Amino acid sequence: MIIILLGPPGAGKGTQAKELAARRGLVQLATGDMLRAAVAVGTEIGVKAKSIMESGGLVPDEIVIGIVAERLEQPDCRNGVILDGFPRTLPQASALDAVLKKKRRTLGAVIELKVNDKALVERISGRFSCARCGEGYHDTFKLPKVSGVCDVCQGTEFIRRKDDAPETVRDRLLVYYRDTSPLLGYYYCKGNLRMVDGMAPIDEVSGAIAGILDSIEGKA
Ligand code: AP5
């Protein structure tokens, strides 16, 4: 099954994608994580992406489409994939359609996580993650069980993303409304769009997504 999680920065795409990957054995394909890894290593793509990402803009379509198409070729993606942060523009959506058609794969669902702007800024500005394993936390909503120690790997160093600075968050939101929100209409017209209240607590959001996927798989 191919699932797309669609929503503005901070809507909870990464949080829910990790949950789905763990519970359903799907592969999380997060373009933001892939690009950040390329920046950290300093690959050619990383060098091109670094300043764009730091300013809250979108990396050019041809770069992102290339890395997603290549990743979808990997054997572990055969059983199912959650696309987290892709597609983000209409050209990316139509490139994905072409890749799926070529591979004779169908789109299971496009799930929109709906969250208001005030909550998005609050979520992003409180977000941090474990420097060692990447587990995500939040100053208010999800603190480590033992203060200063990662629940997953017991690491004690935490980092905050550069593009989570308040002024960059505002730019990222504008980019979302200008370039990515037209995808809601695109997938609505194709009959794929489902909406989930992303303002609900994390577990309730996960439950609502599970209900949608169960109904698609014929379990509900
Ligand atoms: P990317 O990494 O994809 O960032 P984003 O879309 O801005 O999304 P975020 O990771 O900020 O938020 P999220 O929705 O995953 O929320 P999260 O689960 O972390 O992209 C970064 C950059 O890379 C882009 O700006 C662009 O430059 C580039 N890029 C990436 N993909 C691209 C593409 N396809 N094309 C071009 N450029 C691309 O949750 C946020 C916080 O809220 C967390 O602390 C979490 O614990 C908390 N939280 C989550 N759910 C809830 C809830 N229900 N209630 C309370 N708190 C919650």
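Quick note: structure is the one above.
Everything quoted here is computed from the prediction, not taken from an experiment.

K.L.:
Just to check I follow, could you spell out the packing of helix α2 (residues 31-41) against helix α4 (residues 61-72) for this structure?
P.N.:
A pair of packed helices is characterised by two quantities: the angle between their axes and the separation of those axes. For the pair α2 and α4, interaxial distance at closest approach is 11 Å and the crossing angle is 105 degrees. Looking at the two axes, α2 sits roughly perpendicular to α4. Residues T31, M34 and L35 of α2 form the contact with α4, whose own contacting residues are V64, I67, V68 and R71. Residue classes in the contact of α2 with α4 are distributed as five nonpolar, one polar and one charged.

K.L.:
Would you explain the side chain of T168 in this entry?
P.N.:
Tracing the chain through its elements places T168 in helix α7 (residues 166-180). Taking relative accessible area as the criterion, T168 reaches 10% and is therefore assigned buried.

K.L.:
Where do I start with the nonpolar core in this structure?
P.N.:
Soluble globular proteins tend to bury their nonpolar side chains together. Ranked by size, the top nonpolar core spans 27 residues in total, and within it L83, L96 and Y187 carry the most contacts. Elements represented by at least two residues in this core include exactly β1 (2-6), β2 (27-30), α3 (44-55), α4, β3 (81-84), α5 (90-102), β4 (107-114) and α8 (182-190). Sort the elements by how many residues they give to this core and α4 lands first, with five residues. For L96, the residues in contact, after removing those within four places along its chain, are I4, L72, L83, F86, P87 and Y187.

K.L.:
What exactly am I supposed to notice about the sheet that holds β2 here?
P.N.:
In any sheet, the strands associate via hydrogen bonds between backbone groups, in a parallel or an antiparallel arrangement. Here five strands make up an open sheet; going across it, the order is β2-β3-β1-β4-β8 and the pairing parallel. The two strands at the open ends of the sheet, each matched to only one other strand, are β2 and β8 (193-197). Adjacent strand axes in the sheet meet at a mean angle of 25 degrees, parallel and antiparallel pairs treated alike. For β4 and β8, the ladder comprises five bridges, and the chain directions are parallel. Within β8, the residue paired with V110 across the bridge is L193.

K.L.:
Just checking my understanding: could you explain the site of the ligand for this structure?
P.N.:
Inspection of the region around the ligand gives 34 residues, with T15, G57, R88, R127 and R172 positioned closest. Between the ligand and the protein, one listed contact pairs an oxygen atom with a backbone N or O atom of G57 at 2.5 Å. At 3.0 Å from an oxygen atom of the ligand is found a side-chain nitrogen or oxygen belonging to R161. Considering the ligand on its own, with 1,000 Å² of exposed area, one finds that the protein chains cover 95% of that surface.

K.L.:
For this particular structure, what's the right way to read α8?
P.N.:
Helical periodicity: at 3.6 residues per turn, an α-helix aligns residues three or four positions apart in one direction. Taken together, the buried positions of α8 are occupied by L183, L184 and Y187. Axial view of α8: buried residues confined to an arc of 105 degrees, hence all on one face. Counted as exposed and oriented over 90 degrees from the buried face of α8: Y188 and C189. Residues of α8 that are buried sit in contact with β1, α5, β4, α7 and β8. Phi for G191, located one or two positions after α8, is positive at around 85 degrees.

Rules used throughout
- Sequence order sets the numbering: in each chain, residues are counted from 1 along the sequence as written.
- Only residues with pLDDT of at least 70 get local features here, since the model is predicted, and only at 80 or more are side-chain atom pairs given and counted; chain-wide, interface and lining totals rely on the full set of residues.
- The basis for every side-chain value is the complete set of heavy atoms in the structure, and neither hydrogens nor water enter the calculation.
- Only the stretch in contact is used when a helix axis is fitted, and all axes are lines through C-alpha atoms; the angle between N-to-C directions ranges over 0 to 180 degrees.
- Runs of H or I in DSSP of at least four residues are treated as helices and runs of E of at least two as strands, each being numbered from the N terminus.
- Roughly parallel means an angle under 35 degrees; roughly antiparallel means over 145; roughly perpendicular covers 65 to 115; every other angle is labelled oblique.
- Here, residues are in contact when the closest pair of their heavy atoms is within 4.5 Å.
- In this classification, the charged set is Asp, Glu, Lys and Arg, the nonpolar set is Ala, Val, Leu, Ile, Met, Phe, Trp, Tyr, Cys and Pro, and all remaining amino acids, among them Gly, are polar.
- Residue exposure (1.4 Å probe, protein chains only): buried if accessible area is under 20% of the type maximum, exposed if over 50%, otherwise partly exposed.
- For the purposes of this section, nonpolar cores are sets of buried Ala, Val, Leu, Ile, Met, Phe, Trp, Tyr and Cys residues that join through side-chain atoms within 4.5 Å.
- For two strands to count as paired, DSSP must find a minimum of two bridges between them.
- Think of it this way: one heavy atom of a residue within 4 Å of a molecule or strand is enough to make that residue near it.
- What qualifies as a polar contact is a pair of N or O atoms within 3.5 Å, subject to a donor-acceptor requirement within protein and to the restriction that residues adjacent in sequence count only when both atoms come from side chains.
- Per-residue accessibility takes into account occlusion by the displayed protein chains alone, with areas from the Shrake-Rupley method and a 1.4 Å probe.
- Arc, as used here, means the arc of the directions from the helix axis to the C-beta atoms.

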